[in-house]
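Working through the structure, step by step
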Amino acid sequence: MTLFDDLRAHRAATADRHILDLFRADPDRFARFSARLDDMVLDFSKTSIDEAALDLLLRLARERGVEARRDAMFAGERINQTEGRAVLHTALRNRSDRAVTVDGQDVTPGIRATLERMAAFATGIRSGAITAPSGARFTDVVNIGIGGSDLGPVMAALALAPWHDGPRTHFVSNVDGAHVHDVLKGLDPRTTLVIVASKTFTTIETMTNARTARHWVEAAVGAAAGGHFAALSSALDRTAEFGIEPDRVFGFEDWVGGRYSMWGPIGLSVMIAVGPEVFGRFLDGGFEMDEHFRTAPLAENLPVLLGLVGIWHNNACGYPTRAVLPYDQRLLRLPAYLQQLDMESNGKRVALDGSPLTEASGPVVWGEPGTNGQHAFYQLIHQGTAVIPCEFLVAAEGHEPDLRHQHDLLVANCLAQSEALLVGRPTADNPHRVFPGNRPSTTLMYRQLTPETFGRIVALYEHRVFVEGAIWGINSFDQWGVELGKELATQMLPLIEGKGDAAGKDGSTAGLLGTLSDLRG
Ligand SMILES: O=P(O)(O)OC[C@H]1O[C@](O)(CO)[C@@H](O)[C@@H]1O
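Residues numbered from 1 in each chain as written. Predicted model: local features only at pLDDT ≥ 70, side-chain atom pairs only at ≥ 80, totals over all residues. Heavy atoms only, no water.

Let's talk about the site of the ligand
- Lining the immediate environment of the ligand, one finds 14 residues, of which Ser149, Ser198, Thr200, Thr203 and Glu344 sit closest.
- Gly148 has a polar backbone atom sitting 2.7 Å from an oxygen atom of the ligand.
- Residue classes in the shell around the ligand are distributed as two nonpolar, nine polar and three charged. (Near = heavy atom within 4 Å. Polar contact = N/O pair within 3.5 Å; in protein donor to acceptor, adjacent residues only side chain to side chain. Nonpolar A, V, L, I, M, F, W, Y, C, P; charged D, E, K, R; others polar.)

Concerning the UniProt feature "active site" (unreviewed entry) in the chain
- Per the UniProt entry, the sites bearing "active site" (unreviewed entry) are Glu344, His375 and Lys486 in this numbering. These annotated residues cover 143 residues of sequence, and their C-alpha atoms sit far apart, with the largest distance between any two at 36.4 Å.
- Examined against the element boundaries, His375 turns out to sit in the loop between β11 (364–366) and α15 (378–383).
- Following the sequence through the fold, Lys486 ends up in helix α18 (residues 483–496). (UniProt positions renumbered as here; feature names shortened; annotations may be inferred. Helix = DSSP H or I, 4+ residues; strand = E, 2+ residues; numbered from the N terminus.)

A few points about the sheet that holds strand β13 (residues 441–446)
- Strand order in the open sheet made by the six strands is β1-β2-β13-β12-β10-β11, with mixed pairing throughout. This sheet does not close on itself; its edge strands, each paired only once, are β1 (34–37) and β11. Pairwise comparison of adjacent strand axes, ignoring direction, gives a mean angle of 15° for this sheet.
- With four bridges connecting them, β1 and strand β2 (residues 40–43) associate as antiparallel partners. (Pairing = 2+ DSSP bridges. Axes fitted to C-alpha atoms, helices over the stretch in contact; angles between N-to-C directions.)

Description of the domain arrangement of the chain
- Considered domain by domain, the chain is made up of domain 1 (3–75 + 279–478), domain 2 (89–274) and domain 3 (481–520).
- Using C-alpha coordinates to define each centre, domain 1 is positioned 41 Å away from domain 3. (Domains from an automatic or database assignment.)

A look at the packing of aromatic side chains
- This model, assessed by the stated rule, comprises 14 aromatic pairs.
- Ring geometry for Phe74 versus Phe293: centroids 6.4 Å apart, planes at 50°, classification tilted. Remark: Phe293 occurs in helix α12 (residues 276–295) and Phe74 occurs in helix α5 (residues 66–74); sequence separation between them is 219 residues. Summarising the burial analysis for this pair, Phe74 and Phe293 share the class buried.
- A centroid spacing of 4.3 Å and a plane angle of 5° characterise the contact between Trp263 and Phe282, whose relative ring orientation is stacked. Here Trp263, found in the loop between β9 (249–251) and α11 (268–274), pairs with Phe282, found in helix α12; they are 19 residues apart in sequence, far enough to count as distant.
- Look at Trp263 and you get buried, because its relative accessible area is 0%.
- Put simply, the rings of Phe74, Tyr260, Phe293, Phe466 and Phe477 touch in pairs and so form one group of aromatic residues. (Phe/Tyr/Trp six-rings, centres within 6.5 Å; stacked < 30°, edge-to-face > 60°. Buried < 20%, exposed > 50% of the residue type's maximum accessible area, 1.4 Å probe, protein only.)

A look at the sheet that holds strand β5 (residues 140–144)
- Pairing in this open sheet of five strands is parallel, and the strands run β6-β5-β7-β8-β9 from one edge to the other. Looking at the sheet topology across the chains shown, the edges are occupied by β6 (168–172) and β9. Direction aside, neighbouring strands of the sheet carry axes that sit 20° apart on average.
- As paired elements, strand β8 (residues 229–233) and β9 share three bridges and run parallel to each other. Its bridge partner lying in β9, Ala231 is registered against Val249.
- Its contacts with the sheet put helix α8 (residues 177–185) on β5 and β6, and the angle it makes with β6 is roughly 165°.
- Strand contacts of helix α9 (residues 204–221): β5, β6, β7 (192–197) and β8, with the helix running at about 160° to β7, the strand carrying the most contacts. (Contact = heavy atoms within 4.5 Å.)

Looking at the pairing of strand β10 (residues 321–327)
- Across the seven residues of β10, seven count as buried, placing the element largely inside the fold.
- What you see with β10 is no split at all: Thr321, Ala323, Leu325 and Tyr327 on one side and Arg322, Val324 and Pro326 on the other are buried throughout.
- Across three bridges, β10 lies against β11 in parallel orientation. The residue of β11 that forms the bridge with Ala323 is Trp366.
- One crossover worth recording links β10 to the parallel β11 by way of helix α14 (residues 334–346), and it is right-handed. (Right-handed = clockwise from strand over helix to strand, strands pointing away.)

Structure below.
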């Protein structure tokens, strides 16, 4: 019997019990099944986790070596074994005097120097001291990147909107020409700065969009186009090949994973939008969560507890998905960001040693902000046959004092939804109106979505993914599963262009290629 088996046995023995019974039996349940970091509270009392389950979960975390692995990460060990790399995105937000070493070398001075270069560049763009070669002020910034070079900055630009006082920020990610076309169509190339964000500087979507943007700028300013470009990458040889001036290139090391990279150069578009000081406050928040994760006892540790809730729902209860439901419009892109963070990190089928996993790993993560989701998919959450653990996020205060009544309505909806999921309406004269209730949720409540809070939220989820990955014994820091599709797309392109034949392709693919050629005439 493993601890996973014990958890399942405990779940089976208590499956008929209503979560409300747990509240009846323990008037202190909220206090006991919630944890706090400053003005942020994680409530997991509306789950079926009881004392015994929490005990088992904490034992599991210890047995699976979460603490040792966490310490190894912070110590710069090469825990990303399949790529032979350290995992040190936390170093990008290390606000302490502590050295962070990789192979005996302190990486902090390099990180600080890059941050200072970013700040000088961002300040120059914001003040107009750095202009286009024509002397025109940059009014717009277009970040071209995809995955980790896009989702974090996109999310942050919206989350930090109340502090946005720099040039307008735009994002292009999809290789679909519609994306770059629609974004550039509204802009003036003479006053636009294009930031090419790509860790590897080989990603076909990004390089294709970057070339399109280059032609667009060149058509307007000719040979001065180079002065409209900057690059964020760890491949400095390739940025030079693309013709980007070295002083416009902001590099980072291979120990920063793409989906963990928004804290450094990949965040440049955000820094230009909100300024280095506000960006620094975002880093402060991330660092605060790191310190908490490193030092708080497991039973009070927010990322650990959130991870254990995930393990309970996935491995003990067998719920294969979880919904992330921010009642915070400025976290609109949090679910999309978490889809990469969580599913690219923990969507794995083998353990670190290559052996097949015997436990289910990464669940499907999805969601939308409330209240919009309520008018779309909550029907299924309340009355569908599948149980979907819900993760609510909500701020006590908004940023619009004149619209306090709307914020009150937002918060009321958030609390009402978790209450409805818990309490339900089990008896009604009509079965179509029955709400079974007893459906689990967590709520992360914070005072306000400040830059610090936003940093804490992102770091909280990063470490939650870490905790779950460590418990499953997988490498959360590689992403081999994205490779095959990339290779096949490269091979597919000539066939799409009508330059090859479909011999050897499966029947469906050959059929679709034939259909494409018919439709194109
Ligand atoms: O920053 P890059 O190298 O262009 O990569 C973009 C994204 O592509 C991936 O490698 C695979 O989708 C992600 O991990 C990464 O965030």
